[in-house]
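# Summary of the model geometry
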Amino acid sequence: MKVLVIGGGAREHALCRSLSLDPDVTALHCAPGNAGIAEVAELHRVDALDGRAVADLAADLAADLVVVGPEAPLVAGVADAVRERGIPVFGPSADAAQLEGSKAFAKDVMAAAAVPTARSYVCTTPEEIDEALDAFGAPYVVKDDGLAAGKGVVVTDDVDTARAHALACDRVVIEEFLDGPEVSLFAITDGETVVPLQPAQDFKRAYDGDEGPNTGGMGAYSPLPWADPKLVDEVMASVLQPTVDELRRRGTPFSGLLYAGLAITSRGVRVIEFNARFGDPETQVVLARLKTPLGGLLRAAATGNLAALPPLRWSDDAAVTVVIASHNYPGTPRTGDVIEGLAEVAAQDAPDAYVLHAGTRLDEAGAVRSAGGRVLSVTAAGADLTTARERAYRAVDRISLDGSQHRTDIAAKAAAEAPGA
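Residues numbered from 1 in each chain as written. Predicted model: local features only at pLDDT ≥ 70, side-chain atom pairs only at ≥ 80, totals over all residues. Heavy atoms only, no water.

Here is the rule: UniProt positions are given in the numbering used here, feature names are shortened, and annotations may be inferred rather than shown by experiment.
Under an unreviewed UniProt entry, the name given to the chain is Phosphoribosylamine--glycine ligase, and the organism recorded is Streptomyces siderophoricus. In UniProt, the chain has this text filed under Sequence similarities (unreviewed entry): "Belongs to the GARS family." Recorded in UniProt under Catalytic activity (unreviewed entry), the annotation for the chain is "5-phospho-beta-D-ribosylamine + glycine + ATP = N(1)-(5-phospho-beta-D-ribosyl)glycinamide + ADP + phosphate + H(+)".

Written out as structure tokens, the structure reads:
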């Protein structure tokens, strides 16, 4: 099949890499892509938010499947435009994508489906904001109701910081703080059948020891040796299937990737948030472990045939991703710096470790330069987390990007506490 992937980050590079390894994928295209994706897919220029333009490109390419990576095109209705042209698309409709596009909508769906989540208030006035902050107390959890590119959530003990963020939003969700470790669990669904992937954990804070501001994610690992073996089954029964069933009941079936961000609290599993697409950087480690060909899996979801697929096959290996970010990320990042060492990683660390591009571009001379806040996702696999970490950081050390930053403790605690460590 011919596949077109929409997006240009490390998530899309991970998707393209896995699709390129699927023997049934005979042609791979990506729009707009990046410098790394260009090595495995043919790139095209397109406005990813323009549904008609994306649908036209898919039709011109005679694509058998379109995979929409980022959330903004999904909320903008790009998947709807492609579906209207009769082309199978992996990604929910604009209506169903409101599960990510509006925190208030997600809370309403969870209430109707009896999905466990944090108590919350939806606020639109300064008076409502003050009442909600006072009701919950510190730590304060304040979420912009709409899309904010991973920067719409503030968790702080400082009430003034919390209030300032809330006042900067048109509509805001203020909720109770959930204790316990966080887990990301993805599920592929065609609107009825739900197929969970393997859980992962990401690291939102910018600096070691979970210090510093929230980011889009500085690293991830999978599997989770500390997690209850029954976790996936429990989340399927209490979160994923009820949510998909409720959206179908409402007449807005969700087809694509349902991402549940979870807190494993002292009172049980609670949903922190839903996303309507693969998460970044968790996708990098989850797909590193998936042995089932990705193209057939995504096409089955897009065509309503998930129930006919055999169970997914997984590698027993662990995977770790370390994000290399630009100077000053997550503030206003510096871009345009030359990236060196990529060829050394490919020559000396592959196939155990490899680099997925996030914010990169090729200059006129063919050099790879930084073009965003999160620049690279260095991903490695190994028999256990300790081995995967060693391989990932060995590859990180080969890469040179002036002023760059990365965390040095991705998966360190889990590796140290894993059985046999």
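## Quick word on the environment of Pro 73
To keep it simple, the criterion reads: Secondary structure elements are defined from DSSP: runs of H or I of at least 4 residues count as helices, runs of E of at least 2 residues count as strands, and each element is numbered from the N terminus. Each residue is assigned to one of three classes by its accessible area relative to the maximum for its type, calculated with a 1.4 Å probe on protein chains only: buried under 20%, partly exposed between the two thresholds, exposed over 50%. Here, two residues are considered to be in contact whenever any of their heavy atoms come within 4.5 Å of each other.
Looking at the secondary structure, you find Pro 73 in helix H3 (residues 71–75). The class of Pro 73 is buried, set by a relative accessible area of 3%. The spatial distance from the C-alpha of Pro 73 to the C-alpha of Leu 49 is 4.7 Å, given a sequence separation of 24 residues. Beyond its immediate sequence surroundings of up to four residues, Pro 73 is in contact with Ala 48, Leu 49, Val 68 and Val 78.

## What to know about the environment of Gln 98
With respect to the helices, strands and loops of the structure, Gln 98 is situated in helix H5 (residues 98–101). When the C-alpha atoms of Gln 98 and Arg 83 are compared, they prove to be 18 Å apart, with 15 residues separating the residues in sequence. Not counting residues within four places of it along the chain, the set of residues in contact with Gln 98 comprises Val 75 and Phe 105.

## What about the sheet that holds strand S17 (residues 268–275)?
Just so we agree on the cut-off: Following DSSP output, two strands are said to pair if at least two bridges run between them. Under this scheme, a helix contributes an axis fitted over its contacting stretch, all axes are lines through C-alpha atoms, and angles between N-to-C directions fall in the 0 to 180 degree range.
Across the sheet, four strands lie side by side as S11-S10-S16-S17; this open sheet has antiparallel pairing. Each end of this open sheet is capped by a strand with a single partner; those strands are strand S11 (194–196) and S17. Taking the axes of each pair of neighbouring strands and ignoring which way they run, one obtains an average angle of 35 degrees across the sheet. With seven bridges connecting them, strand S16 (residues 256–265) and S17 associate as antiparallel partners. By the bridge assignment, Thr 265 is partnered in S17 with Gly 268.

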